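Single-letter residue listing:
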Amino acid sequence: MIPTVQEIGHSLHELLAVDRRRFVESARAIPIPDLAEVLRSMPAHQATELVVALPFEVAVELFDEPELEGHRNAIACCLPPDLAARLITAMSADQQADLLREVEPEDRKRLLGLLDPATRDSLSALLAWPPDTAGGIMTTEYVGVPAHWTAAHVLEHLRQVAEAKETIYAVYVVENGTNRLEHVVSLRELLVANPDTPVRAVIPKRKIITVAPGASRLDAARLISKYDLLALPVVDETRRLLGIATVDDVIDALVAEQTRQVQRLGGLEALDMPYTEIGLGEMIRKRAGWLCALFLGEMLTATAMGHFEDEIARAVVLSLFIPLIISSGGNSGSQATSLIIRALALRELALRDWWRVALRELPSGLMLGSILGVIGVCRILLWQELGWYNYGPHYLLVALTVGLALIGVVTFGSMAGSLLPFLLRRLGFDPASASAPFVATLVDVTGLVIYFSVALLVLRGTLL
């Protein structure tokens, strides 16, 4: 039976108490991502004891591991000051910035004070950029060389600095003094080039793909995906190289962003930590706001039904199809909003494309509503003919009412679900706020109005 991470953590903690050498051997045998997961399952004070006992190089790898995010801030604050300073200094620059973003402001100030001035200044520059921007996920640990160096000189330089750099698969040719980006050469191109060739002439100059530090990390991800890059240079308006956004950091950022999007689509605030680690009070706070808002919205459904109370009393048969009508509208709206939010996130659509979406969703809604309407009519007629339920002498009009109402409600749901994300984006809100529960609530209310309005038109003089 495979032990759980909690059991592994307990075993390591017990082993540390009796045999430090065996503890180190056991810890070294665990892959760093798995070891990070083990520490994340432990209380901060116990995890800190294990980190202190680990060899320094293992502790650095552990603190550089994204799997430890959300927990390493608590560990860092518990570490002895000298060890904390050494660990943070040895971490990669982007992970240093992520760590210090996680801690409270007073702890951030204290930890920054432990670092040497050069590291502190570099970190302050990275922390100036919001975490959801290209500047917020970039690292300053890139290989930059002057244009006059030869291929052999650059390769020798790579051998000397490889351990301290985030990636060496791309070399950035920069202008002396200004650090202005002039050229990008891959490691493969350097290896096959003549050793005496200046790095500026290793290959013909090509278009350099860059991103501004203030651009969103999703923009950086799109560029990396489009051009199959392992790292993306981050440059300012003067083309001065500030750092690079690497593909692994972009993937981590995308996973975090997509997680937040999915949570918002589910009708709750985005969680800031894994589900198993969030406290009960925080979980309630994240979910209660949206639930209350949706509950208040659903109260309008009761109001709408109260408005048509007389019609329901005279034609009780209509109440049988209320769940069918409003759920169909909510489902069509949820489908549409999910498609549009995804298209907006991928930049397949822009704000100016709302009319194209409306022209596309209108016939789609009508066709989908017609399909459901035909199924609804057939169901009523079949049940009536087989004697499974008696819808009364006007069952044909009841079937027509349900069919027409389904067309109207599904069409409205599709239109509302597809255009609401555009409206929210235009107002400056996250389109993902147009969550499926929110759209369903909106369509529930309007669906009742559409349903009973159709009933009044079709059944006037008979049931109504």
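For the structure, check the block above.
Basis of the calculations
- Position labels on residues start from 1 in each chain and follow its written sequence.
- Owing to the predicted nature of the model, reporting of local features is limited to residues with pLDDT of at least 70; listing and counting of side-chain atom pairs is limited to 80 or more, with chain, interface and lining totals taken over all residues.
- As a convention, hydrogens and water are excluded, and side-chain values are obtained from all of the structure's heavy atoms.
- Put simply, a salt bridge is a Lys or Arg side-chain nitrogen that is within 4 Å of an Asp or Glu carboxyl oxygen.
- Elements are defined by DSSP. Helices are runs of H or I of four residues or more, strands are runs of E of two residues or more, and each kind is numbered from the N terminus.
- Throughout, exposure labels follow a simple rule: accessible area from a 1.4 Å probe, protein chains only, divided by the maximum for the residue type, with under 20% read as buried, over 50% as exposed, and the rest as partly exposed.
- When DSSP finds two or more bridges between a pair of strands, those strands are recorded as paired.
- The convention used is that axes are lines fitted to C-alpha atoms, helices contributing only their stretch in contact, and that angles between N-to-C directions extend from 0 to 180 degrees.
- Only heavy atoms enter the contact rule, under which two residues are in contact if any of them lie within 4.5 Å.
- Handedness is read with the strands pointing away from the viewer; a crossover is right-handed when the path from the first strand over the helix to the second is clockwise.
- A pair of aromatic rings is counted whenever rings of Phe, Tyr or Trp (Trp by its six-membered ring) have centres within 6.5 Å, and the orientation is called stacked for planes under 30 degrees apart, edge-to-face for over 60 and tilted otherwise.
- Only when the NZ of Lys or the CZ of Arg is both within 6 Å of the ring centre and within 35 degrees of the ring normal is a charge said to sit over the ring.
- Working definition: roughly parallel below 35 degrees, roughly antiparallel above 145 degrees, roughly perpendicular at 65 to 115 degrees, and oblique for all remaining angles.
- Residue classes follow a fixed rule: Ala, Val, Leu, Ile, Met, Phe, Trp, Tyr, Cys and Pro count as nonpolar, while Asp, Glu, Lys and Arg count as charged, and any other residue, Gly among them, counts as polar.
- Within this analysis, patches are made of residues with over 30% relative accessible area and no salt bridge. Like charges are joined at 9 Å or less; nonpolar side chains (Val, Leu, Ile, Met, Phe, Trp, Tyr) at 5 Å or less.
- Values of accessible area rely on a 1.4 Å probe in the Shrake-Rupley scheme; residue burial ignores everything except the protein chains shown.

Student: Please explain the pattern of salt bridges as it appears in this structure.
Tutor: If the charged atoms of two oppositely charged side chains come close together, the side chains can form a pair. One pass over the structure, following the stated rule, counts eight salt bridges. Arg159 is the partner of Glu156 in a salt bridge, and the nearest nitrogen-oxygen pair spans 3.1 Å. Placement of both Glu156 and Arg159 in helix 12 (residues 151–161) is noted, with a separation of three residues, approximately one turn of the helix. Here Asp219 ties to Arg222 by a salt bridge, and the two come within 2.6 Å at their closest N and O atoms. You can see Asp219 and its partner Arg222 sitting in helix 14 (residues 217–227), three residues apart, about one turn around the helix. Accessibility expressed as a relative area gives 23% for Arg222, which makes it partly exposed.

Student: Can you help me understand the sheet that holds strand 3 (residues 181–186) in this one?
Tutor: Each strand in a sheet pairs with another by means of backbone hydrogen bonds, the pair being arranged parallel or else antiparallel. Ordered in space as 1-2-3, the three strands form an open sheet in which the pairing is mixed. Of all the strands in the sheet, just strand 1 (143–146) and strand 3 have a single pairing partner and so form its edges. The average undirected angle you get between the axes of adjacent strands in this sheet is 30°.

Student: Help me understand the environment of Leu223 in this model?
Tutor: Here Leu223 is to be found in helix 14. Relative accessible area serves as the criterion here: at 22%, Leu223 is assigned to the partly exposed category. Once the C-alpha coordinates of Leu223 and Ile209 are considered, the two residues, 14 residues apart in sequence, prove to be 7.8 Å apart. Those residues within four positions of Leu223 in sequence are excluded, and the remaining contacts are Ile209, Thr210, Val211, Leu229 and Leu232.

Student: I'm lost on the environment of Val143 in this one. Help?
Tutor: Position of Val143 among the secondary structure elements: in strand 1. Sequence separation between Val143 and His157 is 14 residues, and the spatial gap between their C-alpha atoms is 9.0 Å. If we ignore the near neighbours within four places in the chain, the residues touching Val143 are His157, Leu158, Val161, Lys165, Thr167, Ile168, Ala170, Val171 and Tyr172.

Student: Sorry if this is basic, but what is going on with the pairing of strand 1 here?
Tutor: Within a regular strand, side chains alternate between the sheet's two faces. Of the pairings in the sheet, the one linking strand 1 to strand 2 (residues 170–174) comprises four bridges and is parallel in character. In the strand pairing of strand 2, Val143 is matched with Val171. Handedness of the crossover joining strand 1 and strand 2 through helix 12 is recorded here as right-handed.

Student: Can you help me understand the environment of Ala220 in this one?
Tutor: Mapped onto the fold, Ala220 is located in helix 14. It is 9.5 Å that separates the C-alpha atoms of Ala220 and Thr246, two residues lying 26 residues apart in sequence. If near-sequence neighbours (up to four positions away) are discounted, Ala220 is found in contact with Ala134 and Leu232.

Student: Honestly, the packing of aromatic side chains in this entry has me stumped. Any pointers?
Tutor: How two aromatic rings sit relative to each other is set out by the distance from centre to centre and by the angle between their planes. Under the definition given, this model contains five aromatic pairs. Arranged with centres 6.1 Å apart and planes meeting at 90°, the rings of Tyr142 and Tyr172 form a pair that is edge-to-face. Separated by 30 residues along the polypeptide, Tyr142 in the loop between helix 11 (134–137) and strand 1 and Tyr172 in strand 2 bring together distant segments of the chain. Assigned by exposure class, Tyr142 and Tyr172 land together as buried. With centroids separated by 5.1 Å and ring planes inclined at 45°, the aromatic side chains of Tyr451 and Phe452 adopt a geometry described as tilted. Its relative accessible area of 1% is what places Phe452 among the buried residues. An aromatic cluster is present here, built from Phe321, Tyr389 and Tyr391 joined pairwise through their rings. In this structure, Arg86 packs its charged tip against the face of Phe56, placed 4.2 Å from the ring centre. Positioned above the aromatic ring of Trp383 is the side chain of Arg379, whose terminal nitrogen or guanidinium carbon lies 4.4 Å from the ring centre.

Student: Any chance you could explain the packing of helix 8 (residues 93–102) against helix 10 (residues 117–127) here in plain terms?
Tutor: Here helix 8 crosses helix 10 at 70°, and the two axes come no closer than 9 Å. Classified by the angle their axes make, helix 8 and helix 10 are roughly perpendicular. Where helix 8 approaches helix 10, its residues Ala93, Asp94, Gln96, Ala97, Leu100 and Arg101 are matched on the opposing element by Thr119, Leu123, Leu126 and Leu127. Each residue belonging to the contact of helix 8 with helix 10 can be placed in one class, and the counts come to six nonpolar, two polar and two charged.

Student: What am I meant to see in a nonpolar patch on the surface here?
Tutor: Taken together, Leu320, Leu382, Leu386, Trp388 and Tyr389 make up a surface patch of nonpolar side chains, about 520 Å² in accessible area. Locating Leu382 in the fold gives a position in helix 19 (residues 354–386). Overall, the relative accessible area of 41% leaves Leu382 in the partly exposed class.

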